Amino acid sequence: MDVLHTAKSYSSFYQRFVIKGGLAGAAVYVAYDQGLLGSGTQGAEALKKAQAALPPAIQEWTRYIGWELPPTPRFDFSPSDSWNKGVQTVMSALSVAPARACEYTVEGWKFVKDLVK
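Residues numbered from 1 in each chain as written. Predicted model: local features only at pLDDT ≥ 70, side-chain atom pairs only at ≥ 80, totals over all residues. Heavy atoms only, no water.

As recorded by an unreviewed UniProt entry, the protein carries the name MICOS complex subunit MIC13 and is attributed to Aquila chrysaetos chrysaetos. For the protein, the Subunit (unreviewed entry) comment in UniProt is given as "Component of the mitochondrial contact site and cristae organizing system (MICOS) complex." Within the UniProt record for the protein, the comment given under Function (unreviewed entry) is "Component of the MICOS complex, a large protein complex of the mitochondrial inner membrane that plays crucial roles in the maintenance of crista junctions, inner membrane architecture, and formation of contact sites to the outer membrane." (UniProt positions renumbered as here; feature names shortened; annotations may be inferred.)

Next comes the structure, spelled out in structure tokens:
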């Protein structure tokens, strides 16, 4: 009985893993196909297309379902500029990570040596 339970749980785990992996792969493919993983200009073009296509699609679905949504807010900032700033910040942090890791390792060894003395 215990072996059967274990086999079922492994089967369920692998099914969920395959489904989630397939969804993640599909999301990456769609992002690549739409140009979101390309250059900044390709990403900006994809963002403009999405901003133009989403509101009519949402209105159509809400009419179909029978919901009434409040009007979408207008933003005064550029999401693409914010995104690019975030990407630059992350890349900057990643570029100095190896040097910082070495510095912290040296400091850690000094601390351990002082404790042992």
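The rest of the description comes next.
Trainee: Outline the overall build of the protein, listing residues and values.
Mentor: Broken down by element type, the protein carries three helices and zero strands. The linear arrangement of helices and strands in the protein, starting from the amino end, is α-α-α. With 117 residues in all, the protein has 4% of them scored as buried. Surface exposure of the protein reaches about 10900 Å², of which carbon and sulfur atoms provide 66%. (Helix = DSSP H or I, 4+ residues; strand = E, 2+ residues; numbered from the N terminus. Buried < 20%, exposed > 50% of the residue type's maximum accessible area, 1.4 Å probe, protein only. Areas by Shrake-Rupley, 256 points an atom, 1.4 Å probe, with all protein chains shown as cover.)

Trainee: Summarise the packing of aromatic side chains; cite the residues concerned and give the values.
Mentor: The description of two aromatic rings rests on the distance between their centres and on the angle between their planes. Under the definition given, this model contains two aromatic pairs. Relative to Y14, the ring of F13 lies with its centre 5.4 Å away and its plane at 65°, an arrangement referred to as edge-to-face. Residue F13 is classed as partly exposed on the basis of its relative accessible area of 43%. Consider the rings of F13 and F17, whose centres lie 6.3 Å apart with planes at 20°: the pair is stacked. With F13 and F17 both in helix α1 (residues 2–33) and four residues apart, this pair spans about one turn of that helix. Of the aromatic side chains, those joined through ring pairs into one cluster are F13, Y14 and F17. (Phe/Tyr/Trp six-rings, centres within 6.5 Å; stacked < 30°, edge-to-face > 60°.)

Trainee: Tell me what's going on with a nonpolar patch on the surface, and back it up with residues and numbers.
Mentor: Residues L54, I58, W61, Y64, I65, W67 and L69 make up a contiguous nonpolar surface patch of roughly 860 Å² in combined accessible area. Mapped onto the secondary structure, W67 falls in the loop between α2 (40–65) and α3 (79–116). (Patch = residues over 30% accessible without salt bridge, like charges linked within 9 Å, V, L, I, M, F, W, Y side chains within 5 Å. Salt bridge = Lys/Arg side-chain N within 4 Å of Asp/Glu carboxyl O.)

Trainee: Residues and numbers for α2, please.
Mentor: Compared with an ideal rise of 1.5 Å per residue, which puts 26 residues at 38 Å, α2 spans 36 Å between its outermost C-alpha atoms and is within 8% of the ideal. When we look at burial in α2, the residues that qualify are G43, A46 and T62. Two residues or fewer after α2 comes G66, characterised by a positive phi angle close to 100°. (Expected span 1.5 Å × (residues − 1).)

Trainee: Tell me about the side chain of T62, and name the residues and values.
Mentor: Assignment of secondary structure puts T62 in helix α2. Residues within four places of T62 in sequence aside, it is in contact with W67 and L69. (Contact = heavy atoms within 4.5 Å.)

Trainee: Got a sec to walk through the confidence of the model for the protein? Specific residues and values, please.
Mentor: The predicted model of the protein has a mean per-residue pLDDT of 79, with 81% of residues at 70 or higher. Ranking the helices and strands of the protein by mean pLDDT puts α3 first, with 85, and α2 last, with 77. (pLDDT = per-residue confidence, 0-100.)

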